[in-house]
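Fold and geometry: a report
Here is how the chains run, residue by residue.
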Amino acid sequence: TDQPRPRISVVGTGYLGATHAAAMAELGFDVVGVDVDPAKVEALSAGKVPFYEPGLPELLVRGVESGRLRFTTDLAEAAAFADVHFVCVGTPQRPGSNGADLRYVEAAFEGLAQHLTHDALLVGKSTVPVGTGARMAARVREVAPAGLRVELAWNPEFLREGKAVHDTLSPDRVVVGGASPWGDDLLRQVYARPLSEGTPFIATDLPTAELVKVSANAFLATKISFINAISQVCDKAGADVTVLSDALGHDVRIGRQFLNAGLGFGGGCLPKDIRALMHRAGELGAHSLVALMQDVDEINMWQRQRVIDMAVQACGGSVLNRRIGVLGAAFKPDTDDVRDSPALNVAAGLHLRGAQVVVYDPEAGETSRRMFPTLTYGTSTEEAVTDADVVLVLTEWPVFREADPAKLLGLTRPGATVIDARNCLPADTWRQAGWTYRGLGAAR
Ligand code: UGA
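Just so we're clear, the structure is a prediction, and the values are computed from it rather than from any experiment. Every chain's residues receive numbers from 1 upward, in the order its sequence appears when written. pLDDT decides what is reported in this predicted model: residues at 70 or higher carry local features, side-chain atom pairs at 80 or more are listed and counted, and totals for whole chains, interfaces and linings draw on all residues regardless.

1. With respect to the nonpolar core
Note on terminology: a nonpolar core is a set of buried residues of type Ala, Val, Leu, Ile, Met, Phe, Trp, Tyr or Cys, with members joined through C-beta atoms within 7 Å. Burial is judged by counting other C-beta atoms within 10 Å of a residue's own C-beta: 20 or more means buried, 12 or fewer means exposed, and anything between counts as partly exposed, with every C-beta placed from the backbone. Of all hydrophobic cores here, the largest spans 135 residues; its most connected members are Val11, Leu122, Ala311, Val326 and Leu392. Two domains each donate at least three residues to this core, and these are domain 1 (8-204) and domain 2 (218-439). Any residue pair is listed as a contact if its two C-beta atoms, each placed from the backbone, are within 7 Å. Discounting chain neighbours no more than four positions away, the residues touching Leu392 are Val307, Ala311, Ile324, Val326, Leu327, Val346, Ile419 and Ala421. The source of the domain bounds is an automatic or database domain assignment.

2. Digging into the sheet that holds strand E12 (residues 390-393)
Two pairing modes exist for strands in a sheet, parallel and antiparallel, and in both the strands are linked by backbone hydrogen bonds. In this analysis, strands are considered paired if DSSP registers two or more bridges between them. For helices the rule is a DSSP run of H or I covering at least 4 residues; for strands it is a run of E covering at least 2, with both sets numbered from the N terminus onward. With respect to topology, 6 strands assemble into an open sheet ordered E11-E10-E9-E12-E13-E14, the strand pairing being parallel. Sheet topology places strand E11 (376-377) and strand E14 (436-439) at the edges, where each strand pairs with a single neighbour. In this sheet, E14 lies alongside strand E13 (residues 417-420) in parallel orientation, the contact comprising 4 bridges. Following the sheet pairing, Thr417 is matched in E14 by Thr436. The strands that helix H13 (residues 287-314) touches are strand E9 (323-327), E12, E13 and E14; relative to E13, the one it contacts most, it runs at about 170 degrees. Against the sheet, helix H14 (residues 342-352) makes contact with E9, strand E10 (356-360) and E12, and its axis sits at roughly 160 degrees relative to E10, the strand it touches most. Angular values range over 0 to 180 degrees, each being the angle between N-to-C directions of two axes fitted as lines to C-alpha atoms, with helices fitted over their stretch in contact.

3. A closer look at the UniProt feature "active site" (unreviewed entry) in the chain
UniProt positions are given in the numbering used here, feature names are shortened, and annotations may be inferred rather than shown by experiment. Within this numbering scheme, the UniProt entry marks Cys269 as carrying the feature "active site" (unreviewed entry). Relative to the assigned elements, Cys269 resides in the loop between helix H11 (241-249) and helix H12 (270-284). Apart from residues lying up to four places away in sequence, Cys269 is in contact with Thr127 and Asn217.

4. As for the domain arrangement of the chain
Domain boundaries in the chain define domain 1 (8-204) and domain 2 (218-439). On a C-alpha basis, the centroid separation for the pair domain 1 and domain 2 is 33 Å. Contact with domain 1, which involves 14 residues of that partner, is made by 16 residues of domain 2. Any residue that is not Ala, Val, Leu, Ile, Met, Phe, Trp, Tyr, Cys, Pro, Asp, Glu, Lys or Arg is counted as polar, Gly included; the first ten are nonpolar and the last four charged. Per-class residue counts for the side of domain 1 that touches domain 2 are 7 nonpolar, 6 polar and 1 charged.

So this is what it looks like as structure tokens:
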């Protein structure tokens, strides 16, 4: 077609926005990314990704060098430039509440609408409580200059950190809520490549689109807490949860993914999303979901306590002045993200109980130090385990899985215990090397 390609803006350049902007440029669109943080804008403009995300630096550099991708702090500039605006700002948990803080979403829609100079489609990508899209649509209609066609749609994002580039360029599905035929057509142009490769396009209303997103995360969280609850039964009964998960996973109705028992879920999404859903369901009087999400959250938080208790037990009842090596700080491998990280939570909990904790993570050292400056950080696996009484594996980075247990045991205090809180190590190899090995729900 010789229709001009829509120009794109992306408001908010965190994990989601930076990846989306770079991916859109990779697909050949002219893109401007907007952020209120000048340091972020400066870094991204120089082709530097301010966080660890495999594959993203290459994409960003290609976009910036091609001239198709630029960044600014000026929302008005973006409003005047683009035809399709993606709102990718954060919706963190409100302090003292389970609800989501929507101030950044509100500011982005209002700011864009106010400064529009031509017809535009405003697209929400942020994860929001159901009902937000309709509220934003009403607000945008009030604020936008008269005489322009300004519409709103919701297009939730399902990308995983660590696989953000792949998930953005080849999504499982594209969900679009509340788009008119005009908006629908614009978004089909934006997603033409994945759609041509067979990605399903699901057009629906605003509340359904908003709810698809939070239901997906709630379901994933429920799967994890389910298997963690089962792993407790495994511990009591002497069964092996990993074998159990493998066996369950052969049933295609269940599936093997997200059935890894361990320290549980963290990060910037799952924990706050299930709490926001719990909160919103409560407001709507949907009590079954409130109760379910409460249990999922409680089981998840209890896993952290369970691992702290295991460490205390391995130290003979008190960790005071005992050396504990902590392997892993990121909330999962392939990221340096430590938001609501179960690993750092456990490390800090042991530190508070008087243990001498040394933490090592291959990528999240810097971000951890910023979050918990009082913890001690090592620069290698060896450094973290040296003189340790107990070693905790809290994030399943491949370097830990591939470490040589015999070599590491030579560095620890005699008779050291390893607590494999992600059930990721080859247990037999570690036992044969002389370690006392403990997993979660792993048969002794
Ligand atoms: C999650 C969803 O998977 C994405 O689809 C979604 O787009 C994203 O949230 C979001 O809302 O932005 P992410 O937070 O990057 O993605 O991380 P996940 O890969 O989902 O892992 C979440 C947590 O669950 C991690 O702490 C991980 O260690 C834990 N987990 C995962 C388990 O404890 N067991 C498992 O079997 C799987």
